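What follows is the residue order along each chain.
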Amino acid sequence: MQDPEKIKKVAMDLDNALEAKDLEFFKSCFTDDCEIELIGVTLKGISGVEKWWNYTFSYVKSFTLKPVVIMVDNDIFFEEFIVNAQLHDGSIVKSKWAEVLVYENYKVKSLRLYFDRLDFANAIADGYLSKKLINLIIKKSLKGLV
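Residues numbered from 1 in each chain as written. Predicted model: local features only at pLDDT ≥ 70, side-chain atom pairs only at ≥ 80, totals over all residues. Heavy atoms only, no water.

Caption draft 1: Quick look at a nonpolar patch on the surface. On the surface, Y55, Y59 and I124 cluster together into a nonpolar patch covering about 270 Å² of accessible area. Tracing the backbone through its elements, the reader meets Y55 in helix 3 (residues 45-59). Owing to a relative accessible area of 42%, Y55 belongs among the partly exposed residues under this scheme. (Patch = residues over 30% accessible without salt bridge, like charges linked within 9 Å, V, L, I, M, F, W, Y side chains within 5 Å. Areas by Shrake-Rupley, 256 points an atom, 1.4 Å probe, with all protein chains shown as cover. Salt bridge = Lys/Arg side-chain N within 4 Å of Asp/Glu carboxyl O. Helix = DSSP H or I, 4+ residues; strand = E, 2+ residues; numbered from the N terminus. Buried < 20%, exposed > 50% of the residue type's maximum accessible area, 1.4 Å probe, protein only.)

Below, the structure is given as structure tokens:
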């Protein structure tokens, strides 16, 4: 059993590495056989970590992450947090995310990220038609709720 306080610390180190864009330290936080799951895609191993990193920073210039809720149960770390992302065009996207990390020897064995990709879709859409379509999807998805 791993110490919950140490898991919280290494999770914070992971977030700090992401905010500092320190890829080498970020990769060192994962096991060699890790899995990352997000938006219906599963990436494996350190090459998967690098692929996720490159994908993320192809859209995002910088992040700030603000924890909302943190829980640790055995080797599982759960966090709800606010992402403030600055995109390469200077626009800012604010989005609420959740993550579940499974730790093995204080390294991430499994990372699952949950967020609404529509938060980012409108910001990265090119052209009037794309933006109009995304706004229509957002509006339709809320029909009957608001």
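After that view, the rundown keeps rolling.
Caption draft 2: Seen up close, the sheet that holds strand 3 (residues 60-73). The mixed open sheet is built from 6 strands, whose spatial order is 2-1-6-5-4-3. Two strands bound the open sheet, and with one partner strand each, they are strand 2 (41-44) and strand 3. Strand-to-strand, the axes of this sheet are offset by a mean angle of 20°, without reference to chain direction. Note: strand 3 against strand 4 (residues 76-87), 12 bridges, orientation antiparallel. (Pairing = 2+ DSSP bridges. Axes fitted to C-alpha atoms, helices over the stretch in contact; angles between N-to-C directions.)

Caption draft 3: The environment of A123, seen in detail. Positionally, A123 belongs in helix 4 (residues 118-124). A relative accessible area of 19% means that A123 is categorised as buried. Along the sequence, A123 and M71 sit 52 residues apart, while their C-alpha atoms lie 31 Å from each other. Excluding residues within four positions of it along the chain, A123 makes contact with L87, D89, S91, V93 and K131. (Contact = heavy atoms within 4.5 Å.)

Caption draft 4: Looking closely at the packing of aromatic side chains. Taken as a whole and assessed by the stated rule, the structure comprises 10 aromatic pairs. When the ring of F57 is compared with that of F63, the centres are 5.8 Å apart and the planes differ by 80°; the resulting orientation is edge-to-face. Comparing F57 with F63 shows no difference in burial state: the two are buried. On the numbers, 6.1 Å between centres and 75° between planes, the contact of W97 with F120 is edge-to-face. (Phe/Tyr/Trp six-rings, centres within 6.5 Å; stacked < 30°, edge-to-face > 60°.)

Caption draft 5: Looking closely at the pairing of strand 5 (residues 92-104). As judged from the 11 bridges shared by strand 4 and strand 5, these two strands associate in the antiparallel manner. The partner of E79 across the bridge, within strand 5, is E99. In the sheet, strand 5 pairs with strand 6 (residues 107-114) via 7 bridges, with the strands oriented antiparallel. Looking at the pairing, E104 lines up with K107 of strand 6. Taking the residues that link successive antiparallel strands as the turn, the strand 5-strand 6 hairpin has 2 residues, and the phi of N105 there is positive, at about 55°.

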